[in-house]
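For reference, the chains in residue letters:
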Amino acid sequence: MFFTMGGVNLGLCETSCRLFTGTPPVSVRSAHTCPVKIYCGLRNRPKKSMGRGRVLSGEAIQAVQSLKLAKNSSSRLQQVFTSKLSRLLKSDLLDTFAELQRQEELDLALEVFTFLRKEPWYVPEVSLFNEMIMLVGKHETTEMVEELLSELKKEGLKPDERTYAELIGAYFRAEMVSKAMEAYEQMKAAGLTPSELTLTILIKNLEKAGEEGLLETIKNECAEYFDYPEKFLQQVARKYPKRKSMIVT
C-alpha cells in the first residue's frame, strides 16, 4: 500500500509497522506541507481483522465464509477445499487457519490444519501445533490434545514451553490435576524453564482445586526461576484474587 505526498510515493514498510499491530502513526514532514499522519495498514477504515494485528485478504475472508457455510455438509465442505482452499497462497491459508481458531471453529480449524499439513510447502512447526492444542484444550477434549501432542512428536518436533503450558491448561479445564502436574514434571525433565504464564496457571488452578500441598510446592519452586519470587506471587494474587475462582490459561 502506498501514500503519495507532494508527488512522492511513500511506501508502507510492513516490517516497521509490525504487521499492523497497532504501532502509533508516524508523522512525515515535507518542505511543502504540514505534518502528515501515515497509519499502518487500514487502521481508520472498516476491515476484517484476525484480532492479532494481521488484516485478512479477500481470498482468506471468502475461504472462511465458505467453510462456515458448508460445515454441515461433508460434500459441500469437500468442494470448498477443492475449489477454494487448494488455490490459496500459503499466507492466505495460514491466515484462514488462524481466523478459524480466533472464531473458535474447532472442527473447521482441525480440517484446515490437516489440509495444510499436506501442502508441498509445509514444514513442521511447533507453533502451529501449539495454536491447535490451545483451541482443542478450550473445549475440554483432552484425548484430542494428547493426539495432537503425539502427532507433533511424529513429525520430528519437540514440545516447547508453550506446548506444555497449553497442555497443563487443558488438563486443568478438564479437572485432571494429576495429569496437569505430570505435564509440568515432563516439561522440567525436558530441560524447559516454566514461564510466568505457566506458573500462574499452576498456582491459580491448584488454589481453586484446594490442592494446598501442591500449591505450596509450586510457590517454593518459584524461587528457582525468579530473583524476586515474592514479588511475582504478589502480582499473581493481585491480578487473580481468590474470589474470581477462575481457570487461567
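Fair warning: this is a prediction, and the values are worked out from it, not measured in the lab. (Residues numbered from 1 in each chain as written. Predicted model: local features only at pLDDT ≥ 70, side-chain atom pairs only at ≥ 80, totals over all residues. Heavy atoms only, no water.)

S.K.: Pulling in residues and values, what's your account of the packing of helix H8 (residues 177–189) against helix H9 (residues 196–209)?
M.R.: Remark: H8 packs on H9, axes separated minimally by 12 Å, with the N-to-C direction vectors making an angle of 155°. Overall, the two elements H8 and H9 adopt an arrangement that is roughly antiparallel. Handedness of the crossing formed by H8 with H9: left-handed. Note on element contacts: H9 touches H8 through Thr198, Leu199, Leu202, Leu206 and Ala209, opposite Val177, Met181, Tyr184 and Met187. In terms of residue class, the contact of H8 with H9 is built from eight nonpolar, one polar and no charged. (Axes fitted to C-alpha atoms, helices over the stretch in contact; angles between N-to-C directions. Helix = DSSP H or I, 4+ residues; strand = E, 2+ residues; numbered from the N terminus. Parallel < 35°, antiparallel > 145°, perpendicular 65-115°, else oblique. Left-handed = near helix turned anticlockwise from the far one by under 90°. Contact = heavy atoms within 4.5 Å. Nonpolar A, V, L, I, M, F, W, Y, C, P; charged D, E, K, R; others polar.)

S.K.: Explain the packing of helix H7 (residues 161–173) against H9 to me, using residue names and the numbers behind them.
M.R.: Running from N to C, H7 and H9 point in directions that differ by 15°, and their axes come no closer than 9 Å. As far as their axial angle goes, H9 and H7 are roughly parallel. The two elements H7 and H9 meet at a crossing, and its hand is left-handed. Contacts between H7 and H9 pair Glu161, Ala165, Ile168, Gly169 and Phe172 from the former with Thr198, Ile201, Leu202, Asn205 and Leu206 from the latter.

S.K.: How would you summarise the pattern of salt bridges if you had to cite specific residues and measurements?
M.R.: If the charged atoms of two oppositely charged side chains come close together, the side chains can form a pair. Applying the stated rule across the entire model yields 11 salt bridges. One salt bridge in this structure joins Glu151 and Arg117, with 2.9 Å as the shortest N-O distance. Of the two residues, Glu151 is situated in helix H6 (residues 142–154) and Arg117 in the loop between helix H4 (106–116) and helix H5 (126–138); the sequence distance between them amounts to 34 residues. Here Lys204 ties to Glu207 by a salt bridge, and the two come within 2.5 Å at their closest N and O atoms. With Lys204 and Glu207 both in helix H9 and three residues apart, this pair spans about one turn of that helix. For Lys204, a relative accessible area of 7% gives the class buried. One network of salt bridges, in which partners are shared, links Arg117, Glu151 and Glu155. (Salt bridge = Lys/Arg side-chain N within 4 Å of Asp/Glu carboxyl O. Buried < 20%, exposed > 50% of the residue type's maximum accessible area, 1.4 Å probe, protein only.)

S.K.: Which residues make up helix H2 (residues 74–83), and what values go with them?
M.R.: Looking only at H2, the buried set comprises Leu77, Val80 and Phe81. Taken around the axis of H2, the buried residues stretch over an arc of 100°, which confines them to a single face. With respect to the buried face of H2, the exposed residues turned more than 90 degrees away are Ser75 and Gln79. Packing partners of the buried residues in H2 comprise helix H1 (58–70) and H4. (Arc of directions from axis to C-beta.)

S.K.: Explain helix H3 (residues 90–102) to me, using residue names and the numbers behind them.
M.R.: Over its 13 residues, H3 extends 18 Å from the first C-alpha to the last, a length consistent with the 18 Å expected when each residue adds 1.5 Å. Those residues of H3 hidden inside the fold are in contact with H1, H4 and H5. Of the residues trailing H3, Glu104 is marked for its positive phi of about 55°. (Expected span 1.5 Å × (residues − 1).)

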